[in-house]
Amino acid sequence: MNWHKLSTDETFEKLGTSAQGLSTASAEEKLLQFGPNELQEGKKKSIFAMLMAQFKDVMILILLGAAIISGFIGELTDTIVILIIVVLNAVIGFFQEYRAEKAMQALKQMAITQARVLRDGTSSWLSAIALVPGDIVILEAGNAVPADIRITESVNLKIEEAALTGESHAVDKIIQALETDNPPLGDKKNMAFKGTFVTYGRGTGVVIATGMQTELGRIATMLQEDETLTPLQQRMATFGKKLSVLVLFLCVLFFVAGWLRGEDIVKMVLTSISLAVAAIPEALPAVITISLALAAKRMIKLNTLIRKLPAVETLGSVSFICTDKTGTLTKNKMHVEDVFVNGQLVERNNITTQATQAEMNLLLHAFALNNDAAEDDEKIIKGDSTEVALMEVARDQHIQPGSWPRLAEIAFDAERKLMTTFHRKDDKIISLTKGAPDILLQRCENIDIPAIEKQVDDMAGKGHRILGFAYRWWDELPAETFSEKHESRLQFLGLAGIIDPPREEVFDAVAECKSAGIVPVMITGDHPLTAQNIARRIGIINNEHDIALTGQQLTAMDNDVFLAKVERIKVYARVSPEQKLQIVKTLQQKGHYVAMTGDGVNDAPSLKRANIGIAMGITGTDVSKEAAHMILLDDNFSTIVKAVREGRRVYDNILKFIKYLMTTNSGELWTLLLGPLIGLPVALLPIHILWINLISDGLPAISLSFEKAEKNIMNRPPRPPQENVFSNGRWMHMIWVGMLMAGIALSLQGWAIRNNLHWQTIVFNVMCLCQMGHVLAIRSENQSLFSIGIFSNKPLIFAVLTAFLLQYIITYVPFFHPVFQTESLSLKEFFIVGAASSLVFFAVELEKIIRRKRMKTSKTVIPE
């Protein structure tokens, strides 16, 4: 129903009500028909269901199976250690999910408790939950709007709708029917919406929608959509499934081959469990979570608060940033940029040179005197943002608001779009009028209207909000002031072009975005011309192929056409919450990772759906903050770019420790698989593998998250969505370095058995110390450890020394020998283990030398 197109009487007729309100009996019937005026939550996951969901992962199920089998055959130590790992992973995952589902609760808290209603012709306060369509609601300054309402009476009624529309200015409300079919929410000036606030005046309206049928209810419905998985979650889910299939295949193959050879069944079961434990990187979920938490802590210094840890990594894959304009790209402070006076357009910086000229001086007085803004005790100007901007220009030229005393006024209203004040100037009276140029010019005499209208169009084309000014002299103050009489026969004075200008740091931030292959897009509730002007200034729009689109144009556009054009659309103006969600989904459909900023309730669904939702810390509502993945503490676009840089660094480091951990697993697998094939006993027990995977690997892996960013980190495109963790040769590295580790371990095992030495402890130590050499070598993809500096990552050096010390303790302290099945090594054995293990470090450094030479060759231009 297009309620905004109906007259007051037609609205009453459709709803079966009148200006006296509903009867109590009718209201009770409607309450049964429409239900209570409250937001309904979708089906909620129980705490138990959330906890059980953490055990659905195939790798976790394999570990649980290994733990159960170990328990049955008497290996209780292995069972306990594996169960501790599984439970810790489940607890971490549970708390992440539990904290993520609070947006609906915040939305429900916006519902108000009381409303002033006419029923049976009598005014009374009722619970807002009891409101039904057809109720007459009385609105006053300070009230929250309790339902969606068609305004039937307005006395200077202004409603602040920023939470729903993103528009920061309070909207003047009218009672007349509108002719437009589907205007944006912010243009429905005869409507008021649930969750908005009355800032000025008073009014009356009839309820046309309650509960989930309101605009706020529609947003609540959209909030119940599922969130998308982050890039790393998607990649790790795929990786986990493939690895699980491989693990099961290897275990079955190994067990059947041993059984056919007549090997001991219990021994084969133990070895198969060892294989399963060796193939699964138990430390990986914990290492990723801890590294993301450390990065989130660092990002607070960048004015970025991370609410959901995977968001840190997602930042590194973002290819589109959809950002609000007001306060994020701009200063959120109106500024007079141009003044038109005496037939000349004068820039703000040049006003001082003309301030003494009569016309300019009078215009500056009009700025200060026809103005309700005022200075507080600290000389800060407070009031309407437009009036504050005008007052600042006047104050810069030392013109004070009280220089000509105000004697009377004709207050502004939304229908006239004018405001007039009367002042004493020497022994005369002067009236100063400001307002919309199209209305003001019709009230002026001796003026070339077409020429000034062209000037208005030129200034508006630059995205300015235009105010016109005029004056008239009077012999004496009128006894009563009337618009028709006292706002006529005016003398045109000039125009002011006002705009919310871009932040200074945004220009560089947008340029850095583009150099990093990220497309910035502006989504605003503001006027399309204003949006395009700001977008051109800061570089979001910079060629004829870039498109600006309004909400109405988007509504009229076919989905296939929108899908084809979406990557070229750089500005969206006056869009609805559903359209913001549509923009995010369409970009995702094209394979992009989307960051979306927002501060209002209207932004919450798109914030939740985006790959990374970014709420504003200063102006943001609680609902938007709960729906978002991260919060900008300074509401500044350039902070997003800094966060993207940090996100790329985090993802680079995650890839490093995935490579590190999986190479270890590869080495363990080759050792376990190849040993029996060449006639050697099984080299590693499950307890050894768990120690290597969790302790020897875990501490250095976490420390890799402290590695500094690569130099070219913001000069390369975002990682392709289809790229997996094994791309760019990482899988080859994992296999050949793993085979090298296995070769060293098995060679030493054979040598130790022939010489009657402590072969199992030797193999165990070799595998651990090989990891230390490996982690030092992979700190940089291409640069040598010696060129980046051995001590440039002090936490890593500390972790390596700690792991070395722990390995020494379990090897040489007798208390740990029965637990880890170890024996003390002789000095000769210890030095041989150390020397053999260092081969891995030198081999990986040699690999990087070869890669650097290839890169250098590929960059060399071959002459024709």
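What you are looking at is a predicted structure, and each value in this text was computed from that prediction instead of being measured.

The rules behind the values
Residues numbered from 1 in each chain as written. Predicted model: local features only at pLDDT ≥ 70, side-chain atom pairs only at ≥ 80, totals over all residues. Heavy atoms only, no water. Phe/Tyr/Trp six-rings, centres within 6.5 Å; stacked < 30°, edge-to-face > 60°. Buried < 20%, exposed > 50% of the residue type's maximum accessible area, 1.4 Å probe, protein only. Helix = DSSP H or I, 4+ residues; strand = E, 2+ residues; numbered from the N terminus. Pairing = 2+ DSSP bridges. Core = buried A, V, L, I, M, F, W, Y, C linked by side-chain atoms within 4.5 Å. Contact = heavy atoms within 4.5 Å. Axes fitted to C-alpha atoms, helices over the stretch in contact; angles between N-to-C directions. Parallel < 35°, antiparallel > 145°, perpendicular 65-115°, else oblique. Nonpolar A, V, L, I, M, F, W, Y, C, P; charged D, E, K, R; others polar. Salt bridge = Lys/Arg side-chain N within 4 Å of Asp/Glu carboxyl O. Left-handed = near helix turned anticlockwise from the far one by under 90°. Patch = residues over 30% accessible without salt bridge, like charges linked within 9 Å, V, L, I, M, F, W, Y side chains within 5 Å. Areas by Shrake-Rupley, 256 points an atom, 1.4 Å probe, with all protein chains shown as cover.

### Concerning the packing of aromatic side chains
Thought 1: In the structure shown here, the tally under the stated rule is 12 aromatic pairs.
Thought 2: Ring geometry for Phe 841 and Phe 842: centres 5.2 Å apart, planes at 75°, overall edge-to-face.
Thought 3: A relative accessible area of 10% places Phe 841 in the buried class.
Thought 4: Owing to a relative accessible area of 51%, Phe 842 belongs among the exposed residues under this scheme.

### Thoughts on the pairing of strand E22 (residues 569-573)
Thought 1: The element E22 is extensively covered by neighbouring structure, given that 5 of its 5 residues are classed as buried.
Thought 2: Direction of pairing for strand E20 (residues 519-524) relative to E22: parallel, over a ladder of 3 bridges. For Met 522, the partnering residue across the bridge sits in E22 and is Val 571.

### So, the nonpolar core
Thought 1: In terms of nonpolar packing, the biggest core is built from 122 residues, with Ile 321 and Phe 637 touching the most fellow members.
Thought 2: Considering every element that reaches this core, the biggest residue donor is helix H26 (residues 637-677), with 16 residues.
Thought 3: Excluding residues within four positions of it along the chain, Phe 637 makes contact with Ile 321, Thr 323, Thr 328, Leu 329, Val 506, Ala 509, Val 510, Cys 513 and Pro 520.
Thought 4: Counting 48 residues, the second-largest nonpolar core is a separate cluster that includes Val 206, Leu 554, Val 594 and Val 623.

### Considerations on unusual backbone geometry
Excluding glycine, a negative phi dihedral is what most residues carry, and trans is how most peptide bonds are arranged.
Thought 1: The phi dihedral of Lys 379 is positive, around 65°, even though this residue is not glycine.
Thought 2: Locating Lys 379 in the fold gives a position in the loop between strand E12 (374-375) and strand E13 (381-382).
Thought 3: Phi is positive for Asp 635, which is not a glycine, with a value near 55°.
Thought 4: Residue placement: Asp 635 occurs in the loop between strand E25 (630-632) and H26.
Thought 5: Taking the relative accessible area as the measure of exposure, Asp 635 reaches 4% and is therefore buried.

### Topic: the side chain of Glu 161
Thought 1: Its place among the elements puts Glu 161 in the loop between strand E4 (148-160) and helix H7 (162-165).
Thought 2: Among the residues examined, Glu 161 registers a relative accessible area of 1% and is labelled buried.

### Looking at the packing of helix H30 (residues 759-777) against helix H32 (residues 794-812)
Thought 1: Where H30 meets H32, the axes come as close as 10 Å, and the angle between the chain directions of the two elements is 175°. Classified by the angle their axes make, H30 and H32 are roughly antiparallel. Every residue of H32 that contacts H30 at Thr 761, Phe 764, Asn 765, Cys 768, Leu 769, Met 772, Val 775 and Leu 776 is listed here: Leu 796, Ile 797, Val 800, Ala 803, Phe 804, Gln 807, Ile 810 and Thr 811.
Thought 2: Tallied by class, residues from the contact of H30 with H32 come to 12 nonpolar, 4 polar and no charged.

### Quick notes on the environment of Ala 177
Thought 1: Mapped onto the fold, Ala 177 is located in the loop between strand E5 (171-172) and strand E6 (191-192).
Thought 2: Judged by its relative accessible area of 38%, Ala 177 falls in the partly exposed class.
Thought 3: Distance in space between the C-alpha atoms of Ala 177 and Lys 5 is 4.9 Å, their sequence separation being 172 residues.
Thought 4: Setting aside residues up to four positions removed in sequence, Ala 177 forms contacts with His 4, Lys 5, Leu 6, Ser 7, Arg 150 and Asn 190.

### Digging into the pattern of salt bridges
A pair can form between side chains of opposite charge whenever their charged atoms are brought close.
Thought 1: Here the structure, examined in full by the defined rule, presents 37 salt bridges.
Thought 2: Where Arg 574 meets Asp 187, a salt bridge forms, and the shortest distance between an N and an O atom there is 2.5 Å. Here Arg 574, found in the loop between E22 and helix H23 (577-589), pairs with Asp 187, found in the loop between E5 and E6; they are 387 residues apart in sequence, far enough to count as distant.
Thought 3: When its relative accessible area of 24% is taken as the criterion, Arg 574 is described as partly exposed.
Thought 4: A residue is classified by how much of its surface remains accessible, and Asp 187, at 29% relative accessible area, is partly exposed.

### A short note on the pairing of strand E10 (residues 335-341)
Thought 1: With 6 of 7 residues buried, E10 is to be regarded as a mostly interior element.
Thought 2: Where E10 lies against strand E19 (residues 490-499), 5 bridges are found, and the strand directions are antiparallel. Note that in E19 the partner of Val 339 across the bridge is Ala 496.
Thought 3: Relative to strand E11 (residues 344-347), E10 is paired through 4 bridges, and the arrangement is antiparallel. Considered in E11, the bridge of Phe 340 is made with Leu 345.
Thought 4: As consecutive antiparallel partners, E10 and E11 are separated by 2 residues, and within that stretch Asn 342 has a phi angle of approximately 55°, a positive value.

### Some points on the sheet that holds strand E21 (residues 547-550)
Sheet strands pair by backbone hydrogen bonding; their relative direction is either parallel or antiparallel.
Thought 1: A sheet is described by the order of its strands in space; here 8 strands give the open sequence E8-E25-E24-E23-E9-E20-E22-E21, paired in mixed fashion. Sheet topology places strand E8 (304-306) and E21 at the edges, where each strand pairs with a single neighbour. In this sheet, adjacent strand axes meet at a mean angle of 20° when their direction is disregarded.
Thought 2: One ladder, built from 4 bridges, connects strand E9 (residues 320-323) with E20; its direction is parallel. Paired with Cys 322 across the strands is Val 521, a residue of E20.

### Some points on the packing of helix H14 (residues 358-369) against helix H15 (residues 385-396)
When two helices pack together, their arrangement is given by the angle between the helix axes and the distance between those axes.
Thought 1: Their axes nearest at 8 Å, the elements H14 and H15 cross at an angle of 130°. In terms of axis orientation, H14 runs oblique to H15. Here H14 runs over H15; the crossing is left-handed. Packed against H14, whose contacting residues are Leu 364, Phe 367 and Ala 368, the element H15 presents Leu 390, Met 391, Val 393 and Ala 394 at the interface.

### Examining a nonpolar patch on the surface
Thought 1: Taken together, the side chains of Val 252, Val 256, Trp 259, Leu 260 and Ile 265 present a nonpolar region at the surface, about 510 Å² in accessible area.
Thought 2: A per-element tally of the nonpolar patch places helix H9 (residues 231-260) first, with 4 residues.
Thought 3: Mapped onto the elements, Val 256 comes out in helix H9.

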